[in-house]
Amino acid sequence: MDADKVTLADLFRQDVCYLVPLYQRPYVWNETDQWRPLWDDVQSLAENSRDFGDEMTAPHFLGAVVIERLQSRPGDVDRHNLIDGQQRLTTLQLLLDALQLVMQDLGDERDAKRLEKLVLNDEIARTAAHERFKVWPTNVDRPSFEAAMDDGLDAGEYGDAALVRAHDFFRKQIETWARESDDAADALQLLSSTLMSKMQLVAITLDQDDNAQAIFETLNARGAPLLGSDLIKNDLLRSVEGSQTLAAEPFYEKYLMGFETPYWRETEIQGRLKRPRVDLFLFYWLGLRTQRVQMALHEFPSFRRYARDSGLDAEALAADLKAAGSAYRVVADHNELPADPIERQCSLINTRLNRLGAGALMPLRMHVQMLDVDPAEKLGSLQYIESWYVRRLLVKRSMASTSRFVVEILRKLHEVPDDEFARTLCDFLAGQTAIASDWPADAEFWEAVRSRPLYKQLPQYRLRLILEVLETCLRTNRTEPLELTGDLPIEHLMPQSWTPQSWPIDDDAKSHDRRQASLHKLGNLTLVTTALNSNMSNAPWSSKRPALADHSVLRLNRSLVDDYAVWNEDTIDARSAELADLLVEFWPRS
């Protein structure tokens, strides 16, 4: 390989097209971390050249790019694969195009024409439509890049894309800086000269014998670390490159392109980590396929071991990833409930498990979703999984070993026919006797719900969901539909800050101990609006009861108003038992 120090003029003056290979990730640079620091550097260089002279202004080093020259005919656009540095060169093209656009309005027309040659290739030299550009991004970024480079002023559906926003950012910065200068045209000419001569890179050109993709793997793109998913995509595409039957681009479009959407780049919480959703999905998929407990941030080495040990080729692996990705979206996202009543119940269970934070169950839930059975069979499996999980949660079993137990289930049941999976899973769960994996029986579950201080035991987001489930239990097919969105406050019917005047009590230690034990039981809790919660506050039952009657539409509160003329420790225990009955029925152990 050869390494040379180059300027932007050296890189872009000729008719050249730097092609970003498919195995590279989409454009991820942003204003805070990259665009603004780059603009600050450019502005500072231009102002130093203006104030102290060009000879007194040292060049600014932008880093390195790695390129691989491709075959081209003499007179055609000179083509290169851009192995590393695509984020940087793409951004520089957006910056140059934004400058050229501002020059057309505020600068010298000849300067604008000269600068155009650094962002567009000569039409005579082009052999393909994309060769009008000096840089051609990976597939998912191409439409938004074209929208940006076509002045970015009417980007339509791509207006929120990072590439369009980057172009807009640079255009606004350049325009503001030029207008604040004494002479806008001179300022823009100075800026153009600074970019051409003072911004320098090291261009590393690979020889034919160099392994371009292996080199890419060892180079983390400067400014934003590579994701495990980026490296896995690279590995799959490298496998395809040597195939006699598969072409990289159709392979990418068929299997991998769906993972390049903004949905998969959104951040999810995994323990103490914030991770892109695509990497979290891969974490769960690898747990499902390897039947091993995974380590976060180790997806790529785990994938390589799985690919080697399974003997699956790139197409089989990619096809499974695509299918599992679709299953994950069904399990993880429930913006709209399906019309089919069975599928609707499956969706509701998955939503509840997501809200409970049951990420450890995700590999098993993905497996259920991918079973080739009718929805009723999937519903059965999900009902057993949810009951097992919630019962353990409410009786206060340790949940630390859930991931290991899920792996054990997958190992034990992986050869079970799809149409027998639900019943086999139920029998397997029911047969657990160890405290680390058992499925609590009705009596233990009922007693825990009735007697435990669940307000203290559970995080509020989990307890709120339990109360919403109870509201569902009290509704019938004649009850008006009401969507609970998980945002109603939890109300203590007998307030935590009670006073003897409002809430009479015998003045002895035993009575006080019983009251404190009753306050946080499920029977003393309900859901109300924030306004009603503030209004009732520490009021006596004689005030709370009519307030609930007047303002609450929940069946959970209607039963309070209808059934309890007084509210004390006895009625709290009675209601706790009634609610425990409902939950035992809602989450049965079979």
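An account of the accompanying structure is given in this report. (Residues numbered from 1 in each chain as written. Predicted model: local features only at pLDDT ≥ 70, side-chain atom pairs only at ≥ 80, totals over all residues. Heavy atoms only, no water.)

## Quick notes on the packing of helix α10 (residues 248-256) against helix α14 (residues 314-332)
How two helices pack is summed up by the angle between their axes together with the distance between the axes.
Part 1 of the argument: Two elements in contact, α10 and α14, have axes whose closest approach is 9 Å; the angle formed by their N-to-C orientations is 30 degrees. Between α10 and α14, the angle is such that the two are roughly parallel. Residue-level inspection shows F251, K254, Y255 and L256 of α10 in contact with α14, the latter providing A314, E315, A318, A319 and K322.
Part 2 of the argument: Of the residues in the contact of α10 with α14, the class split is six nonpolar, no polar and three charged. (Axes fitted to C-alpha atoms, helices over the stretch in contact; angles between N-to-C directions. Helix = DSSP H or I, 4+ residues; strand = E, 2+ residues; numbered from the N terminus. Parallel < 35°, antiparallel > 145°, perpendicular 65-115°, else oblique. Contact = heavy atoms within 4.5 Å. Nonpolar A, V, L, I, M, F, W, Y, C, P; charged D, E, K, R; others polar.)

## Comments concerning the packing of aromatic side chains
Part 1 of the argument: Scanning all chains against the criterion turns up 23 aromatic pairs.
Part 2 of the argument: Aromatic pair W35 and F169: ring centres 6.1 Å apart, planes at 40 degrees, arrangement tilted. On the criterion of sequence distance, the pair formed by W35 in helix α2 (residues 31-52) and F169 in helix α6 (residues 162-179) is long-range, its members being 134 residues apart.
Part 3 of the argument: Look at W35 and you get buried, because its relative accessible area is 2%.
Part 4 of the argument: Look at F586 and W587: their rings are 5.0 Å apart centre to centre, the planes differ by 85 degrees, and that puts the pair in the edge-to-face class.
Part 5 of the argument: A relative accessible area of 25% means that F586 is categorised as partly exposed.
Part 6 of the argument: On the accessibility criterion, W587 (1% relative accessible area) is buried.
Part 7 of the argument: Each residue in the set F259, Y263, W264, F281, F283, Y284 and Y328 is aromatic and connected to the rest through ring pairs, giving one cluster.
Part 8 of the argument: When the ring centre of Y263 is taken as origin, the NZ or CZ atom of R277, which lies over that ring, is 4.1 Å away.
Part 9 of the argument: Lying across the ring of Y263, R329 places its NZ or CZ 3.6 Å from the centre. (Phe/Tyr/Trp six-rings, centres within 6.5 Å; stacked < 30°, edge-to-face > 60°. Buried < 20%, exposed > 50% of the residue type's maximum accessible area, 1.4 Å probe, protein only. Lys NZ or Arg CZ within 6 Å of the ring centre and 35° of its normal.)

## Considering the pattern of salt bridges
Part 1 of the argument: Scanning the entire structure with this criterion turns up 36 salt bridges.
Part 2 of the argument: The salt bridge partner of D76 is R73, with a shortest N-O separation of 2.9 Å.
Part 3 of the argument: Salt-bridge contacts for R392 lead to D438; the nearest nitrogen and oxygen are separated by 2.9 Å. Placement of R392 in helix α17 (residues 375-394) and of D438 in the loop between α19 (421-430) and α20 (442-451) is noted, with a sequence separation of 46 residues between them. We note that R392, like D438, is buried.
Part 4 of the argument: Each of D230, K233, E260 and R265 takes part in salt bridges that share partners, so that together they form one network. (Salt bridge = Lys/Arg side-chain N within 4 Å of Asp/Glu carboxyl O.)

## Section: the pairing of strand β8 (residues 273-276)
Part 1 of the argument: Note: strand β7 (residues 267-270) against β8, four bridges, orientation antiparallel. The residue bridging E268 from the neighbouring strand is R275, located in β8.
Part 2 of the argument: In this structure, the hairpin formed by β7 and β8 is closed by a connection of two residues, where G271 is found at a positive phi of approximately 65 degrees. (Pairing = 2+ DSSP bridges.)

## As for unusual backbone geometry
Part 1 of the argument: Unusually for a residue other than glycine, K396 sits at a positive phi of about 70 degrees.
Part 2 of the argument: For K396, a relative accessible area of 56% puts it in the exposed group.
Part 3 of the argument: With a phi angle near 45 degrees, S537 is a residue other than glycine that sits in the positive phi range.
Part 4 of the argument: With respect to the element layout, S537 can be found in the loop between α24 (530-536) and α25 (541-551).

## Some thoughts on a negative patch on the surface
Part 1 of the argument: Together, D562, D563, E578, D581 and E585 give the surface a local cluster of negative charge.
Part 2 of the argument: Every element with two or more residues in the negative patch is listed here: α26 (555-563) and α27 (569-586).
Part 3 of the argument: The element that contributes the greatest number of residues to the negative patch is α27, accounting for three residues.
Part 4 of the argument: With respect to the helices and strands, E585 occurs in helix α27. (Patch = residues over 30% accessible without salt bridge, like charges linked within 9 Å, V, L, I, M, F, W, Y side chains within 5 Å. Areas by Shrake-Rupley, 256 points an atom, 1.4 Å probe, with all protein chains shown as cover. Lys, Arg positive; Asp, Glu negative; His and termini not counted. Charge placed at Lys NZ, Arg CZ, Asp CG, Glu CD.)

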